[in-house]
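Listed here are the chains, written in short residue letters.
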Amino acid sequence: MFRVAIAGFQHESNSFAKVPASLDRWKAAGILHGQEIVNEYETSTATIAGMLARLKKESDIEIHPLVFTRLMPMGPMTVEATEHIMDLMLKELSEKGPWDAVLLPLHGAAVSDKYLDADGEISEKVRALVGNNVVIGTALDMHANVSQKVVANADIVTVYQTNPHLDTFEQAFHCTDLVIKTLRKEIRPTRCLQMPPLIVNILQQGTSDEPMAGLLKFADEVRQRPGVLSISISEGYPYADVPQMGMAFLAITDNDPALAEKYSKEIADFAWSLRVQLNGHGTPIKAALEEAKKATAWPVVLFDVGDNVGAGTPGDSTFVLHAAQEMGVTGIMQALADPDVVKKCIALGVGAHIDFLIGGKADDMHGAPIQIIGTITAITDGKYSEPKPSHGGFRFYNDGPSVAIATDSGNKILVTSLSAMSSSLEQFRSAGIEPLDQKIIVAKGTHSPRPAYEPIAKKMFWLASPGASTADLTNFTYKNRRVPMYPLEPQTTWS
Ligand SMILES: [Zn+2]
């Protein structure tokens, strides 16, 4: 029997966000062990589901899910959280081994106050623990800032190839498949990672839109060539201020390092040639609201790019609501995180008429609190599930206790206790608000809300809204990234 372990953590760390990924928050999100991991993920389409499904096809493999945890994107991991989680993974791997293979479900954009490349660090530590004869397979998010350290310490590395991430299962399945073939000595993977100094703007990261669609199509052609085992393009995560921040191109070939180098370079060159198109700008908030006001078919969906909870922001930005109030635009549906207001509303009960200042409290980057006057229409536990394909393949959501408020001015505000992504229509339906009946929907996110909102939107705008995930990277002061990089230094060259 082959013994295969699964252990990992996933975090997309926003160096500019002010809420740290502390150990308390990781524990509250859940540090899962053994069967708990299977229970949470087996029926989802997330990375671990893909790993389990592929492993289960083999009759001579013992599957050992050891420890797994994931936390919503926010600021970097604290030293305490980093040490706790890494020590736990290494302890379990050490005590329950020996292993034939180790699968690492990581994100690839984890930054810690201790290590700028937390994914690289854990990869190196796991390799040092298990030795060179154990096959390591790492499955990453497409926002991974893939480092040479991650690639050097794994035999197989795969990256989601869709954004929104709808192929999480498939890529993890593919990763595990190559790990099994390596284990059986059917293949001998050789890797090459190219890291041109190139950033794709968050607004251009949609993989069904140009220029990413064309780039991925080219990668697909290369993938079909003889000797190729895997091709990955990582878009990178520009809000992590680290040396490995940026796009990355990985080729894995069968015992042919020169071919891996040639093909990864070819795809990186093609991406570099698209660099002008990979840059992007959002629509100013007021211009988008003006368009929404003039619309004759609804809902019009406004993506709040600056408060992209999936990129580490607090989900309490009020810039759009303030602008709408100023302009007299109503008929808006949106979520807003404010745990204190939720507590007060729960004490008052459904039917109570409230007048509170809501949102804009987590930090000084997401607008001032906004006055909301209205009636509480529902109180929920904030839990809902999404059976349809969703960003990241997740099925179960928890926004914490939440209250729905119908404002006197005609808006529907869902106040959540936790920072809440807008990934599922069920988020609002579970609180008695029907998204299809709304005029204007503000979805917090850039690409993650698309599977839910694109099918119902009559018109969509991506906002040039301020915040810790704003599309305009010139708002940030970087200390650790490579210099120069395109487009921050427009004259950047690469060969
Ligand atoms: Zn991602």
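Residues numbered from 1 in each chain as written. Predicted model: local features only at pLDDT ≥ 70, side-chain atom pairs only at ≥ 80, totals over all residues.

### A few points about the overall build of the chain
- Each helix and strand in the chain was counted, giving 14 helices and 19 strands.
- The globule rule puts the C-alpha radius of gyration for 495 residues at 23 Å, and the 22 Å found for the chain is close to it.
- Dimensions of the chain, computed from C-alpha atoms along their principal axes, come out at roughly 65 × 50 × 40 Å. (Helix = DSSP H or I, 4+ residues; strand = E, 2+ residues; numbered from the N terminus. Rg over C-alpha atoms; globule rule 2.2 N^0.38 Å.)

### Details of helix H3 (residues 47–55)
- Summarising burial for H3: eight of the nine residues are buried, a large majority.
- For H3, the elements touching its buried residues are strand S1 (2–10), helix H2 (35–41), strand S3 (61–70), strand S4 (101–105), strand S5 (135–140) and helix H7 (168–183). (Buried ≥ 20, exposed ≤ 12 C-beta atoms within 10 Å, placed from the backbone. Contact = placed C-beta atoms within 7 Å.)

### Digging into the packing of helix H10 (residues 285–294) against helix H11 (residues 319–327)
- Orientation of H10 relative to H11, taken along the N-to-C sense of each, is 60 degrees, at an axis distance of 10 Å. As the angle between them shows, H10 and H11 are arranged oblique. Crossing hand, H10 versus H11: right-handed. Contacts between H10 and H11 involve Ile 285, Lys 286 and Leu 289 from the first element and Phe 319, Val 320, Ala 323, Ala 324 and Met 327 from the second.
- Grouping the constituent residues of the contact of H10 with H11 by class yields seven nonpolar, no polar and one charged. (Axes fitted to C-alpha atoms, helices over the stretch in contact; angles between N-to-C directions. Parallel < 35°, antiparallel > 145°, perpendicular 65-115°, else oblique. Left-handed = near helix turned anticlockwise from the far one by under 90°. Nonpolar A, V, L, I, M, F, W, Y, C, P; charged D, E, K, R; others polar.)

### Let's talk about the pairing of strand S7 (residues 189–194)
- Across the six residues that make up S7, a large majority, five, are buried.
- Taken together, the six bridges between S7 and strand S9 (residues 248–254) define a ladder with antiparallel strand orientation. Bridge pairing links Thr 190 to Thr 253 in S9. (Pairing = 2+ DSSP bridges.)

### What about H7?
- Here H7 spans 23 Å end to end across 16 residues, near enough to the 22 Å set by a 1.5 Å rise per residue.
- H7 sits mainly inside the fold: twelve of its 16 residues count as buried.
- Of the residues making up H7, those classed as buried are Thr 168, Phe 169, Gln 171, Ala 172, Phe 173, His 174, Cys 175, Thr 176, Leu 178, Val 179, Ile 180 and Leu 183. (Expected span 1.5 Å × (residues − 1).)

### As for the UniProt feature "domain: Microcystin LR degradation protein MlrC C-terminal" (unreviewed entry) in the chain
- Per the UniProt record, "domain: Microcystin LR degradation protein MlrC C-terminal" (unreviewed entry) is found at residues 302–480.
- Here residues 302–480 is 15% helix and 29% strand, with 32 Å between the C-alpha atoms at its ends. (UniProt positions renumbered as here; feature names shortened; annotations may be inferred.)

### Description of the nonpolar core
- Membership of the largest hydrophobic core comes to 102 residues, with the highest contact counts inside it found for Ala 7, Val 102 and Leu 250.
- Both domains that furnish three or more residues to this core are identified here as domain 1 (2–273) and domain 2 (285–471).
- Once residues within four sequence positions are removed from consideration, Leu 250 is found in contact with Val 146, Val 151, Val 157, Val 159, Arg 191, Leu 193, Ser 232 and Ser 264.
- Of all hydrophobic cores here, the second largest spans 52 residues; its members include Leu 336, Ile 370, Leu 418 and Ala 452. (Core = buried A, V, L, I, M, F, W, Y, C linked by C-beta atoms within 7 Å. Domains from an automatic or database assignment.)

### Points about the UniProt feature "domain: Microcystin LR degradation protein MlrC N-terminal" (unreviewed entry) in the chain
- Mapped onto this numbering, the UniProt entry annotates "domain: Microcystin LR degradation protein MlrC N-terminal" (unreviewed entry) at residues 3–292.
- End-to-end, the C-alpha atoms of residues 3–292 are 56 Å apart, and along that stretch the chain is 39% helix and 19% strand.

### Concerning the sheet that holds S3
- Taken in spatial order, the six strands make up an open sheet running S2-S3-S1-S4-S5-S6, and their pairing is mixed. The two strands at the open ends of the sheet, each matched to only one other strand, are strand S2 (31–33) and strand S6 (156–159). The mean angle between the axes of side-by-side strands here comes to 15 degrees, regardless of whether they run parallel or antiparallel.
- Here S2 pairs with S3 via three bridges, running antiparallel. Across the sheet, Leu 32 pairs through a bridge with Phe 68, a residue of S3.
- Contacting S1, S4, S5 and S6, H7 crosses the sheet at an angle of about 170 degrees to S5.

### Here's the deal with the packing of helix H8 (residues 212–223) against helix H9 (residues 257–273)
- Where H8 meets H9, the axes come as close as 10 Å, and the angle between the chain directions of the two elements is 165 degrees. Between H8 and H9, the crossing angle belongs to the class labelled roughly antiparallel. At the point where H8 passes H9, the crossing takes the right-handed sense. Within the contact between the two elements, H8 uses Leu 215, Phe 218, Ala 219 and Val 222 and H9 uses Tyr 263, Glu 266, Ile 267, Phe 270 and Ala 271.
- Tallied by class, the residues present in the contact of H8 with H9 amount to eight nonpolar, no polar and one charged.

### A closer look at the domain arrangement of the chain
- Once the domains are mapped, the chain shows domain 1 (2–273) and domain 2 (285–471).
- Of note, the centres of domain 1 and domain 2, computed from C-alpha atoms alone, are 31 Å apart.
- Taken residue by residue, the interface counts 28 residues in domain 1 and 25 residues in domain 2.
- For the side of domain 1 that touches domain 2, the per-class residue count stands at 14 nonpolar, twelve polar and two charged.

### Observations concerning unusual backbone geometry
- A cis amide bond links Asn 163 with the next residue in sequence, Pro 164, at an omega value of 0 degrees.
- Inspection of the secondary structure assignment puts Pro 164 in the loop between S6 and H7.
- Here Trp 298 and Pro 299 are connected by a cis peptide whose omega angle stands at 0 degrees.
- Tracing the backbone through its elements, the reader meets Pro 299 in the loop between H10 and strand S10 (300–304).
- Although it is not a glycine, Asn 255 sits at a positive phi angle of roughly 55 degrees.
- Tracing the backbone shows Asn 255 in the loop between S9 and H9.

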